[in-house]
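# Close look at the chain arrangement
So the chains spell out like this:
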Amino acid sequence: MTNLPTIPGLKELQKQTKGTSEITIAILDGVVDTDHPCFNGADLTRLSTLVQHQATAGQMSTHGTHIASLIFAQPNSEIPGIAPQCRGLLVPVFSDDNRKLSQLDLARAIEQAAENGAKVINISGGALTDMGEAEDWLIRAVEMCNERNISNSHFENKRR
């Protein structure tokens, strides 16, 4: 076994908790390779989106798998995740042949994750309009998360 890096403070945190199946975390990213051994035993559900293909060795699938493994990799894997006992929703929004995501599709994915029980949503990407603002449907999706007390990372609600 190689000398793999560890997440600082993870062992101390995992003495207190490894998460719980009562908490659902959604990953909005590339397609996740759920056949990766680190996910053996993880409670992961892929939601149906416009991205229909399976995971590949492409950049977006690799990134989606990496992000999901940081959270859901099981304790017996080489590098355990930070919340391996949480339920995972995998919401593919990027494909390996299309790395662009409209704000409308992002808003739909956020709403879909919320409707399927997400309490935490991680988004690895996004873009403002040419005007530098979020469009109304994305603002509404983020506001809905705030109203439902859904934690979100990598996005914030800004109006100019």
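The structure this text deals with has already been given above.
Predicted model, so just to flag it, every value in this text is computed and none were measured. (Residues numbered from 1 in each chain as written. Predicted model: local features only at pLDDT ≥ 70, side-chain atom pairs only at ≥ 80, totals over all residues. Heavy atoms only, no water.)

## Some details on helix 4 (residues 136-147)
Let me state the cut-off plainly: By the criteria applied, helices consist of DSSP H or I runs no shorter than four residues and strands consist of E runs no shorter than two, each listed in order from the N terminus. By this rule the span expected of a helix is its residue count minus one, scaled by 1.5 Å. Relative accessibility decides the category of a residue: with a 1.4 Å probe and only protein chains considered, values under 20% of the type maximum give buried, values over 50% give exposed, and everything between is partly exposed.
End to end, helix 4 covers 16 Å across 12 residues, agreeing with the expected 16 Å (1.5 Å per residue, within 8%). Here helix 4 has its buried residues at L138, I139, A141, V142, M144 and C145. Positive backbone phi, at 60 degrees, marks N149, one or two positions downstream of helix 4.

## Some details on the packing of helix 3 (residues 103-115) against helix 4
Definition in use: Each axis is a line fitted through C-alpha atoms, taken for helices only over the stretch in contact, and angles between the N-to-C directions span 0 to 180 degrees. Throughout this description, any angle smaller than 35 degrees is read as roughly parallel, any larger than 145 degrees as roughly antiparallel, any in the 65 to 115 degree range as roughly perpendicular, and the remainder as oblique. In this scheme the handedness of a crossing depends on how the near helix is turned from the far one: anticlockwise by less than a right angle means left-handed, clockwise means right-handed. In what follows, residue pairs with any heavy atoms lying within 4.5 Å of each other are defined as contacts.
Direction vectors running N to C along helix 3 and helix 4 enclose 20 degrees, while the axes themselves pass 8 Å from each other. Here helix 4 runs roughly parallel to helix 3, going by the angle between their axes. With respect to the hand of their crossing, helix 3 and helix 4 are arranged in left-handed fashion. Across the interface between the two elements, Q103, L104, L106, A107, I110, E111 and A114 from helix 3 touch W137, L138, A141, M144 and C145 from helix 4.

## Some details on helix 2 (residues 59-72)
Compared with an ideal rise of 1.5 Å per residue, which puts 14 residues at 20 Å, helix 2 spans 20 Å between its outermost C-alpha atoms and is within 8% of the ideal. Those residues of helix 2 hidden inside the fold are in contact with strand 1 (24-30), strand 2 (44-46), strand 3 (87-94) and strand 4 (120-123).

## Some details on the nonpolar core
Keep this limit in mind: What we call a nonpolar core is a set of buried Ala, Val, Leu, Ile, Met, Phe, Trp, Tyr and Cys residues that are connected through their side-chain atoms within 4.5 Å.
By size, the foremost hydrophobic cluster in this structure holds 26 residues, and its most contacted members are L28, I110 and I121. Looking at this core, the elements that each hand over two or more residues are strand 1, strand 3, helix 3, strand 4 and helix 4. By size, the runner-up hydrophobic cluster in this structure holds 13 residues, among which are C38, F39, I67 and A73.

## Observations concerning the pairing of strand 3
Our working rule: Pairing between strands requires that DSSP locate at least two bridges from one strand to the other.
Of all eight residues making up strand 3, seven are buried, and the element is well covered by its neighbours. Relative to strand 3, strand 1 runs parallel, the two sharing seven bridges. Directly across from I25, in strand 3, lies its bridge partner G88. Here strand 2 pairs with strand 3 via three bridges, running parallel. Within strand 3, the position partnered with L44 by the bridge is G88.

## Notes on the pattern of salt bridges
What counts is decided by this rule: What counts as a salt bridge is simple: a side-chain nitrogen of Lys or Arg found within 4 Å of a carboxyl oxygen of Asp or Glu.
Tallied over the entire structure, the rule returns two salt bridges. The shortest N-O distance in the salt bridge between D105 and R108 comes to 3.5 Å. Taken together, the residues span about one helical turn, with D105 and R108 both in helix 3 at a distance of three residues. With a closest N to O distance of 2.8 Å, E115 and R148 form a salt bridge. In this pair, E115 sits in helix 3 while R148 sits in the loop between helix 4 and strand 5 (151-153), placing the two residues 33 residues apart along the sequence. Note on R148: relative accessible area 39%, which makes it partly exposed.

Note that every value here comes from positions in space, so none of it alone points to a role or purpose.
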